[in-house]
Number of protein chains: 2
Amino acid sequence: MIKIKKYCYGTCFLMSIAINILFSIYLYAGGGDKNQEISYRSSLTWSEKAAAEAEAVAAINCSGHGRAFLDGLVWDGQPVCECYACYGGTDCSEMTPGCAADDDSGDPIFLEPFWIQNAADSAVVIPGWHRMSYRFDDNTMMSTELEYYIRKLHSIVGNAITERRYMVFGVGSSQLLSAAVYALSSENSSSPSNVLASIPFYPMYEGQTVFFNSENFKFEGDTNSWQANNSTNHMNAVEFVTSPNNPDGELKKPVLVGKTIYDHAYFWPHFTPIPGPSDHDLMIFTLSKLTGHAGTRFGWAIIKDKDVYEKVSKYIRVADLGIPKDTQLRVLKLLKVAIKEDGKPLFEFAYNKMKERWDRLASVFTKSTRFSIQKRHPLHCMFFNETRLPSPAYAWVKCEREEDEDCGAVLEAGNIKGRSGSTFTEKDRYTRLSLIKNQDDFELLTQRLTELVSTENVSVGTI
Amino acid sequence: MIKIKKYCYGTCFLMSIAINILFSIYLYAGGGDKNQEISYRSSLTWSEKAAAEAEAVAAINCSGHGRAFLDGLVWDGQPVCECYACYGGTDCSEMTPGCAADDDSGDPIFLEPFWIQNAADSAVVIPGWHRMSYRFDDNTMMSTELEYYIRKLHSIVGNAITERRYMVFGVGSSQLLSAAVYALSSENSSSPSNVLASIPFYPMYEGQTVFFNSENFKFEGDTNSWQANNSTNHMNAVEFVTSPNNPDGELKKPVLVGKTIYDHAYFWPHFTPIPGPSDHDLMIFTLSKLTGHAGTRFGWAIIKDKDVYEKVSKYIRVADLGIPKDTQLRVLKLLKVAIKEDGKPLFEFAYNKMKERWDRLASVFTKSTRFSIQKRHPLHCMFFNETRLPSPAYAWVKCEREEDEDCGAVLEAGNIKGRSGSTFTEKDRYTRLSLIKNQDDFELLTQRLTELVSTENVSVGTI
């Protein structure tokens, strides 16, 4: 029955009867294949206003080159379009001439269209009184339901063993990287642990270790250089193993024999074939590179040892008394979509998008002798049950000419902005280009790269 | 117009015309005082399913002694009731006999009824594609809209100067407490800063400082004891000033002349009269004790000095690349409700609740010579424009009898669980009792206290 108003008498009551009779005829006449939806519609009370607001904002026209958000800037009572890079105007329809292709950040917006396609299943309504307590009903700060779905996801994808393992949630994987260093480090200040990674490596490892400046550890840089001077004693080493690696996408293995932190941010079938489930002592994953929700800041650690688990948990508790419950609820909703049909819709969408980008990118680079990108080797993917090439999140570009020592500058002269090799403690002859931003960014990147490569034979050395 | 189906031909089309004609007559006949709502209803598409889910869960009957949540445990396809302490059964209708009154935690559930009353305005719908990027449009990690509403709230309440001040968001005020210590500490490891607070103090200050074990600072405990040995040089001191204080509700002032971190978690008109706006170098606030959303983990710092602001910002960036965008969106929605009618509905609800609890509590304690609670002094409140007694979040109970050295144990024998004085580096002759939990908890507390006090003259020393 369609409930029009809570309090309804006289004319109102008669009208509602008439409407409901007609509605029943309509359903009987076969118009009712959306019964469920219509019956939902009839019963909404307090959530309707928020739902209408969200839909109104989502309907704002930004020409496909921008988006309006519920918490965006408001102009004349309406949230305004936030235009993607290189687009402007109130409806983002104006392209900025000569705008640089900005492929610096690892913003995973390439997955945004998937979530728009799955709008109904991925939306979440948070009531004003949702989870006001510090703790869940079982006295923890982590949602049991969410933990269950994460374990289920890993079992579907086959990228990590989670049976008989502990789990800890963090504010992004970022927080867990730091928590892991604390958990694995020496408790004796007089012999602090040595924190290491293999060049090229994600700069956050060094950034955090140096910033927190604990008496329990110190950053020692590259594993290979360090090993040369410390060939025997690795017991006090804590090594980051980033697999696939950021920036170059390689499936890395530890160099040392000390403790390891496996950063598996990119260990998903759209970036790499999954050769089998990872089964290490401490593995860290993030929602960001799985579903594309970097802004949600949610990561998790899978931990074998109880003592390490307790230390990582303590870090999260001491740092900020747990992860926002709102975030946990949203992640739960997103993961319910992610595991639908055994993950096929999400991972096929994501893989196809990455493959298409790599195919186009590779065809540009084959025409070049000045620039090269990382070699990719086919591997059998247990998830797709097929041998495939990896399609990493980043192109790791090398400038091959001797004089092009600063590859970032060479690309910038071609109106392309990347992230310099030295950011990853590598030579500046390398530059990282992000392939996971939105479609406009990728189109501009290929256009600029094509232009740059096309000048190679015509005007060697003039760019 | 009521839109029944996206694709609608033949009978369906005729029926929808008929329904819409009747609907127009209904509106014309004066049934349309909810026009806005009905027009919303007609246009919902992708958000409806999530809205219906949320309403269905909210409608689950938990007898007023529990609540079902969207991310709660699921039984037979339905989220189950999570019962408050001392209640059980599938609908939480069964009271556990002899159950202890648990008044240990600072869970601010006393505000839950306010948000249920304001359900329509405080609900938020998060679309699947909401803010996937690490950053907002202005390249920051903080919502400009949210910052605007926080400043507006302070200006309405009159509890802090925010003009020409910087702001940083954190995962709860917890994270900002630690960020502030890092920001104010010595950059020279050979002379680390001394971090201090005045007894009784919130244990997190010590917990964090010791845990992070930085070379830049060390925890030195109580300001008064430390001052006795360091009467002249306070330049390297970082003092926490908790005002109102947790546990005793006092409006504190610094003891030393070094750098200060003002923890203003409880500086809201429901806990204390607001004598005027706070105007210190570094002030920290939290949503938790303002709106009751502890589970949301959201806090903010207001900072005078640019250099300090940049250091606090850097801490947040390095620790976890910013605060979840989902959380920021929800907080925005809650604060829009908080500032309605110049904050009157929220703060009157909250103050009345706290005042009623204090009146009842005080009347129990006036009958006791064995137990006392903190003295409260009337002050003029700029917000309510009236002289009022404070109504702190906690009762700071002292056991007056010489033999009652462990006040927690005395209360526990009376079936009341508090937080021991030693948790706050005070003697165990004191115990903190939380007055901000839900109504059931408070009712049980007063009942148990009344019983305990009533035995004083009958059976001195036997409890």
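Residues numbered from 1 in each chain as written. Chains lettered and ligands numbered in written order. Predicted model: local features only at pLDDT ≥ 70, side-chain atom pairs only at ≥ 80, totals over all residues. Heavy atoms only, no water.

A.B. asks: Describe the overall build of chain A, and please don't skip the residues or the numbers.
C.D. replies: A tally of regular secondary structure across chain A gives 15 helices and 22 strands. Relative to its 463 residues, chain A shows a buried fraction of 59%. Considering only residue pairs separated by 6 or more positions, chain A has 67% of its internal contacts joining residues 24 or more positions apart. As displayed, chain A has an accessible area near 18,300 Å², and 52% of this comes from carbon and sulfur atoms. (Helix = DSSP H or I, 4+ residues; strand = E, 2+ residues; numbered from the N terminus. Buried < 20%, exposed > 50% of the residue type's maximum accessible area, 1.4 Å probe, protein only. Contact = heavy atoms within 4.5 Å. Areas by Shrake-Rupley, 256 points an atom, 1.4 Å probe, with all protein chains shown as cover.)

A.B. asks: Outline the interface of chain B and chain A, supporting the account with residue identities and numerical values.
C.D. replies: Tallying the contact residues gives 114 residues for chain B and 114 residues for chain A. Each partner contributes to the roughly 10,500 Å² buried at the junction of chain B and chain A, and carbon and sulfur atoms together form 61% of this total. Glu53(A) is paired through a salt bridge with Lys333(B); the nearest N and O atoms lie 3.2 Å apart. At the junction of chain B with chain A, the criterion picks out 59 residue pairs in polar contact (both at pLDDT 80 or more). Top element by residues in the side of chain B that touches chain A is helix H1 (residues 10-31) of chain B. It accounts for eleven residues. Looking at the side of chain B that touches chain A, its residues break down into 56 nonpolar, 29 polar and 29 charged. Of the pairings in the sheet, the one linking strand S8 (residues 124-126) of chain A to strand S8 (residues 124-126) of chain B comprises three bridges and is antiparallel in character. Residue pairing across strands places Ile126(A) opposite Val124(B), the latter belonging to S8(B). (Buried area = accessible area lost by both parts, 1.4 Å probe. Salt bridge = Lys/Arg side-chain N within 4 Å of Asp/Glu carboxyl O. Polar contact = N/O pair within 3.5 Å; in protein donor to acceptor, adjacent residues only side chain to side chain. Nonpolar A, V, L, I, M, F, W, Y, C, P; charged D, E, K, R; others polar. Pairing = 2+ DSSP bridges.)

A.B. asks: Account for the sheet that holds strand S19 (residues 394-399) of chain B, naming residues and giving values.
C.D. replies: Backbone-to-backbone hydrogen bonds join strands into a sheet, with any given pair of strands oriented parallel or antiparallel. Residues and elements named next belong to chain B. Here we have four strands laid out as an open sheet, ordered S16-S19-S22-S21, and antiparallel in their pairing. Looking at which strands have only one partner, the edges of the open sheet turn out to be strand S16 (371-372) and strand S21 (419-420). Packing of helix H13 (residues 344-365) onto the sheet brings it into contact with S16 and S19, and relative to S19 it is tilted by some 5°. (Axes fitted to C-alpha atoms, helices over the stretch in contact; angles between N-to-C directions.)

A.B. asks: How would you sum up the environment of Glu402(A)? Please name residues and give values.
C.D. replies: All names here are of chain A. With respect to the helices and strands, the residue Glu-402 is situated in the loop between strand S19 (394-399) and helix H14 (407-413). Judged by relative accessible area, Glu-402 falls into the exposed class, the value being 68%. C-alpha separation for the pair Glu-402 and Tyr-315, spaced 87 residues apart in sequence, amounts to 47 Å.

A.B. asks: Describe the nonpolar core, with residues and values.
C.D. replies: With 263 residues, the main nonpolar core has Phe212(A), Trp300(A), Leu335(A), Phe212(B), Trp300(B) and Leu335(B) as its most contacted residues. When sequence neighbours within four positions are dropped, the list of residues in contact with Leu335(B) reads Leu146(B), Tyr149(B), Ile150(B), Leu153(B), Leu287(B), Leu290(B) and Thr291(B). (Core = buried A, V, L, I, M, F, W, Y, C linked by side-chain atoms within 4.5 Å.)

A.B. asks: Lay out the pairing of S19(A) in plain terms, naming residues and giving numbers.
C.D. replies: All names here are of chain A. The element S19 is extensively covered by neighbouring structure, given that five of its six residues are classed as buried. Where strand S16 (residues 371-372) lies against S19, two bridges are found, and the strand directions are antiparallel. Bridging from a neighbouring strand, Phe-371 pairs with Cys-399 of S19. Pairing of S19 with strand S22 (residues 430-434), which is carried by five bridges, proceeds in the antiparallel orientation. Bridging across to S22, Val-397 finds its partner in Thr-431.

A.B. asks: Can you tell me about the pairing of strand S10 (residues 193-197) of chain A, naming the residues and giving the values?
C.D. replies: Residues and elements named next belong to chain A. Within S10, five of the five residues are buried, leaving the element largely enclosed by the surrounding structure. Here S10 shows no split at all, with Ser-193, Val-195 and Ala-197 on one side and Asn-194 and Leu-196 on the other all buried. With four bridges connecting them, S10 and strand S12 (residues 237-242) associate as parallel partners. Note on S12: the bridge partner recorded for Leu-196 is Glu-239.

A.B. asks: Describe the packing of aromatic side chains, naming the residues involved and giving the relevant values.
C.D. replies: According to the stated counting rule, one finds 61 aromatic pairs over all chains in the structure shown. Judged by centre distance (5.2 Å) and plane angle (75°), the ring pair of Phe347(B) and Phe383(B) falls under edge-to-face. Taken as a pair, Phe347(B) in helix H13 and Phe383(B) in the loop between strand S17 (379-381) and strand S18 (386-388) lie far apart in primary sequence, 36 residues in all. Here Phe347(B) and Phe383(B) have matching classes, each one buried. Where Trp396(B) meets Phe424(B), the ring centres are 5.6 Å apart and the plane angle is 90°; that geometry is what we call edge-to-face. Placement of Trp396(B) in strand S19 and of Phe424(B) in the loop between S21 and strand S22 (430-434) is noted, with a sequence separation of 28 residues between them. Residue Trp396(B) is classed as buried on the basis of its relative accessible area, which comes to 5%. The positively charged end of Lys344(A) is found above the aromatic ring belonging to Phe383(A), 4.8 Å away from the centroid. (Phe/Tyr/Trp six-rings, centres within 6.5 Å; stacked < 30°, edge-to-face > 60°. Lys NZ or Arg CZ within 6 Å of the ring centre and 35° of its normal.)

A.B. asks: Go over helix H8 (residues 204-212) of chain B, please, and point to the residues and values.
C.D. replies: All names here are of chain B. Taken together, the buried positions of H8 are Met-204, Tyr-205, Gln-208, Thr-209, Phe-211 and Phe-212. What you see down the axis of H8 is that its buried residues fit within an arc of 165°, all on one side. Positive phi appears at Asn-213, one or two residues downstream of H8, with a value of about 45°. (Arc of directions from axis to C-beta.)

A.B. asks: Got a sec to walk through the side chain of Arg131(B)? Specific residues and values, please.
C.D. replies: By secondary structure assignment, the location of Arg131(B) is in the loop between S8 and helix H6 (144-157). A distance of 2.9 Å separates the side chain of Arg131(B) from the side chain of Asp71(A), its partner in a polar contact. Once residues within four sequence positions are removed from consideration, Arg131(B) is found in contact with Phe69(A), Asp71(A), Gly72(A), Glu82(A), Gly295(A), Phe136(B), Asp137(B) and Lys325(B).

A.B. asks: Account for the environment of Ile416(A), naming residues and giving values.
C.D. replies: Residues and elements named next belong to chain A. Mapped onto the fold, Ile-416 is located in strand S20 (residues 416-417). With 313 residues separating them in the primary sequence, Ile-416 and Asp-103 have C-alpha atoms 7.2 Å apart. Sequence-distant contacts of Ile-416, that is, excluding residues within four places in its chain, are made with Ala-101, Asp-103, Leu-411, Leu-433, Leu-445, Arg-448, Leu-449 and Leu-452.

A.B. asks: Hey, could you go over the sheet that holds strand S14 (residues 282-286) of chain A for me, with residue numbers and the actual values?
C.D. replies: All names here are of chain A. Strand order in the open sheet made by the seven strands is S9-S15-S14-S13-S12-S10-S11, with mixed pairing throughout. Each end of this open sheet is capped by a strand with a single partner; those strands are strand S9 (166-171) and strand S11 (217-222). Recorded for the sheet is a direction-independent mean angle of 25° between the axes of neighbouring strands. In this structure, S12 lies alongside strand S13 (residues 259-263), joined through five bridges in parallel fashion. Bridging across to S13, Val-241 finds its partner in Tyr-262. The sheet strands contacting helix H7 (residues 172-184) are S9, S10, S11, S12, S13, S14 and strand S15 (298-303), and the helix crosses S9 at an angle near 125°.

A.B. asks: An account of helix H12 (residues 325-338) of chain A is needed here, citing residue identities and associated values.
C.D. replies: With 14 residues, H12(A) ought to run about 20 Å at 1.5 Å a step, and its terminal C-alpha atoms sit 20 Å apart, in line with that. Counting buried positions over the 14 residues of H12(A) gives 13, a clear majority of the element. (Expected span 1.5 Å × (residues − 1).)

A.B. asks: Which residues make up the relation of the copies chain B and chain A, and what are the values?
C.D. replies: The transformation that overlays chain B on chain A combines an axial shift of 0.0 Å with a rotation of 180°, and the residual RMSD is 0.0 Å. Overall, the copies show the geometry of a two-fold rotation axis. Take the interface residues of chain B: 99% of them recur as interface residues in chain A, which is what a same-surface contact looks like. (Least-squares fit on C-alpha atoms with pLDDT ≥ 70 in both.)

A.B. asks: Describe the pattern of salt bridges, and please don't skip the residues or the numbers.
C.D. replies: Residues and elements named next belong to chain B. A full pass over the atoms with the stated rule returns 42 salt bridges over all chains. One salt bridge connects Arg-448 with Glu-451, and the closest N-O pair in it is separated by 3.9 Å. Here Glu-451 and Arg-448 lie together in helix H15 (residues 439-454), a separation of three residues that amounts to about one turn. Exposure remark for Arg-448: the relative accessible area of 8% places this residue in the buried category.

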